[in-house]
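Structural overview for review
Spelled out, the chains give:
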Amino acid sequence: MANTNRQVVGPASIFGRNVVISRGHVYMAGAIGEDEDGKLLTGDIGDRTRGAMRVVERRLATVGLNLSDLVHVTIYLSNYHKDFEAFNIAYAACLPKDAAPPARICIGVADLYEGTDVEISAVAVTRDPLRYSL
């Protein structure tokens, strides 16, 4: 039986959908620092963090939202102790200055997709809960 309590948005990847809306919440798959062609960004952890946040921002835009609508973010770092400070500076710079930052958790992991060093998954809340109250 199909799950009628959710709406999928945007294209699917080999991992599933990039955006799923359920009961007014927008769940996003992990985003890595890649360009619009899907190529991993070069540079340092800050470059890839900013790139991953741009991916999150583009996904939010598909449902009329932006980074100020985020309520929770999960961050995965493959070099947690080495990269946390530089990651945190880049991450904070990406967030809107006029909105409360989302709750977050940052987790150190052994390895990430394509050998990247940062992956960001996020949850937002829709501005029109009646439209997305499936």
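Coordinates for the structure precede this section.
Read on for an overview of the structure. Bear in mind the structure is a predicted one, so any value in this text is a computation, not a measurement.

This next bit is on the packing of aromatic side chains. Considering all chains together, one arrives at three aromatic pairs under this definition. Feature note: the residues Tyr 80, Phe 84, Phe 87 and Tyr 91 constitute an aromatic cluster, connected by ring pairs.

Here we come to unusual backbone geometry. For Arg 23, which is not a glycine, the phi torsion comes out positive at approximately 50°. Looking at the element boundaries, Arg 23 is found in the loop between β2 (16-22) and β3 (25-32). Even without being glycine, Glu 114 reaches a positive phi, approximately 60°. In this structure, Glu 114 sits in the loop between β5 (103-108) and β6 (118-125).

For the structure on display, the rule yields four salt bridges. Taking the shortest distance from any N to any O, the salt bridge between Arg 48 and Asp 117 comes out at 2.8 Å. Linking Arg 48 in helix α1 (residues 45-61) with Asp 117 in the loop between β5 and β6, this pair joins segments that are 69 residues apart in sequence. Residue Arg 48 is classed as buried on the basis of its relative accessible area of 10%. For Asp 117, a relative accessible area of 10% translates into the label buried. Close ionic contact of Asp 69 with Arg 127 constitutes a salt bridge, the shortest N to O distance being 2.7 Å. On the criterion of sequence distance, the pair formed by Asp 69 in the loop between α1 and β4 (70-77) and Arg 127 in the segment after β6 is long-range, its members being 58 residues apart. Given a relative accessible area of 52%, Arg 127 falls into the exposed group.

Structural remark: α-helix, 3.6 residues per turn; residues separated by three or four positions point the same way. For α1, which comprises 17 residues, the first-to-last C-alpha distance of 24 Å matches the rise-based estimate of 24 Å (1.5 Å per residue) to within 8%. All of the buried residues in α1 are Ile 45, Gly 46, Arg 48, Thr 49, Gly 51, Ala 52, Met 53, Val 55, Val 56, Arg 59 and Leu 60. Between the side-chain oxygen at the start of α1 and the backbone nitrogen of Gly 46 there is a gap of 3.0 Å, and the oxygen is on Asp 44.

This part is about the pairing of β4. One ladder, built from seven bridges, connects β4 with β6; its direction is antiparallel. Looking at β6, one finds that His 72 is bridged to Val 123. Note that β4 and β5 share six bridges and pair parallel. If you follow His 72 over to β5, its bridge partner there is Ala 103. Handedness of the β-α-β unit built from β4, helix α2 (residues 80-94) and β5 comes out right-handed.

Turning to the pairing of β6, a few remarks are in order. With six of eight residues buried, β6 lies mostly within the body of the structure. Pairing analysis gives six bridges linking β3 to β6, with the strands arranged antiparallel. The partner of His 25 across the bridge, within β6, is Val 125.

What counts, and at which threshold
- Residues numbered from 1 in each chain as written.
- Predicted model: local features only at pLDDT ≥ 70, side-chain atom pairs only at ≥ 80, totals over all residues.
- Heavy atoms only, no water.
- Phe/Tyr/Trp six-rings, centres within 6.5 Å; stacked < 30°, edge-to-face > 60°.
- Helix = DSSP H or I, 4+ residues; strand = E, 2+ residues; numbered from the N terminus.
- Salt bridge = Lys/Arg side-chain N within 4 Å of Asp/Glu carboxyl O.
- Buried < 20%, exposed > 50% of the residue type's maximum accessible area, 1.4 Å probe, protein only.
- Expected span 1.5 Å × (residues − 1).
- Polar contact = N/O pair within 3.5 Å; in protein donor to acceptor, adjacent residues only side chain to side chain.
- Pairing = 2+ DSSP bridges.
- Right-handed = clockwise from strand over helix to strand, strands pointing away.

Read these as geometric descriptors, not functional statements.
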